[in-house]
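What the coordinates show
Residue-level listing of the chains:
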Amino acid sequence: MFKLRLAVTLLLWSIASPLLAGPQLPVSSADSKVLSNLGIALKTYQIPTRSIRLLSPHLAEVETNTDTIYITTDGKHIVVGSVIEVRNGKGVDLKNERIAKSVMKLVEDGNAITYAAAKEKSQIVVFTDITCGYCRKLHAEIPALNARGITVHYLAYPRNGSPSAAATEMQKAWCSATPQKALSTLFDGQPLPASKGKCKGTEVQTGYDFGQGQSFTGTPTLLIGSELEPGFATADEIAAKLGIK
């Protein structure tokens, strides 16, 4: 898998959704031709495309409606799976890296309820649902995680969709004046009063939409390092994966 060193460029071109593309950078005439040809090829293959990012003169990363694929810039070969870039002798899964950055952007944009460690060594992100038994079990691990220096960011992923009863209750927590306490109350099976804090009102929907885009099959789903991992894990197991003793 390490046959090719992929030099990642900062060129991002959106076919269908400018919101996914970020700031536009100058595109050379040669790049424009390559991107145009790729757009035609993907349309011919009937692949719905949200954005294209050139990874090298020979390879592009394509975000579809449901997955990420890779296509050679001549449009002749498509790879469905992981592409590894070798950096300083180590392999980096480009798809995982991109997804991890997107998850952290959701956190940075104010969509998370955070249980911060007093002496932070690392952090994880958990897509959660208050009706999920394993999510409640994981929530009980928060004190142990914080004690190990692991900050936990919660993003919402109501399994029954949005709108739903769970989504409505979760949004109350995200809009609470004390969101950490409110979310813990919901995990304890207690109802919440009307929201009195400040919020965008779209945090739950944003988390759900992201999970749908990644084809989440359940909760909890954890971002540990650059890996999205479905299922419950103990504080000890999470700490071990992060290299924290």
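Scroll up a little and you will see the structure.
What counts, and at which threshold
Note that residues are indexed from 1 along each chain, following the sequence as it is written. Totals for whole chains, interfaces and linings use every residue, but because this is a predicted model, local features are given only for residues with pLDDT of at least 70 and side-chain atom pairs only at 80 or more, for both listing and counting. Hydrogens and water are ignored here; the side-chain numbers use all heavy atoms of the structure. Residue types Ala, Val, Leu, Ile, Met, Phe, Trp, Tyr and Cys, when buried and joined through side-chain atoms within 4.5 Å, form a set referred to as a nonpolar core. Each residue is placed in one exposure class: buried if its accessible area under a 1.4 Å probe, protein chains only, is under 20% of its type's maximum, exposed if it is over 50%, and partly exposed if it falls in between. Going along the chain from the N terminus, every DSSP run of H or I of four or more residues is numbered as a helix, and every run of E of two or more is numbered as a strand. Contacts were defined at the residue level, with two residues in contact if any of their heavy atoms lie within 4.5 Å. Here, the term disulfide refers to a pair of cysteine sulfur atoms separated by no more than 2.5 Å. DSSP bridges decide pairing: two strands pair if at least two such bridges lie between them. Axis lines are fitted to C-alpha atoms, over the contacting stretch for helices. Their N-to-C directions set the angle, which ranges from 0 to 180 degrees.

**So, the nonpolar core**
Ranked by internal contacts, the top residues of the largest apolar core, which has 32 residues, are I124, Y154, A173, W174, L183 and I238. For this core, the element with the most residues is helix α6 (residues 165-174), which contributes five residues. Discounting residues that sit within four places of it in the chain, L183 has contacts with I113, Y115, I130, Y154, A173 and W174. Counting residues in each nonpolar core, the second largest holds 13 residues, with A100, V125, Y208 and L223 among its members.

**Overview of the state of the cysteines**
Using the criterion set out here, one finds one disulfide in the structure. Covalently, C175 is tied to C199 through a disulfide, its sulfur atoms 1.8 Å apart. Residues C175 and C199 are joined through a disulfide that is right-handed, its torsion about the S-S bond being 75°. Within this pair, whereas C175 is found in the loop between α6 and α7 (179-187), its partner C199 is found in the loop between α7 and α8 (203-213), the two being separated by 24 residues in sequence. Accessibility expressed as a relative area gives 32% for C199, which makes it partly exposed.

**Considering the environment of K101**
Structurally, K101 can be placed in helix α3 (residues 94-108). By relative accessible area, K101 is classed as exposed at 59%.

**A few points about the sheet that holds strand β9 (residues 122-128)**
Taken in spatial order, the five strands line up as β8-β10-β9-β11-β12 in an open sheet, and their pairing is mixed. Taken across any chain shown, the strands that pair with only one partner, and hence form the sheet edges, are β8 (113-115) and β12 (227-230). Pairwise comparison of adjacent strand axes, ignoring direction, gives a mean angle of 25° for this sheet. Pairing geometry for β9 and strand β11 (residues 221-224), over four bridges, is antiparallel. Paired with I124 across the strands is I224, a residue of β11.

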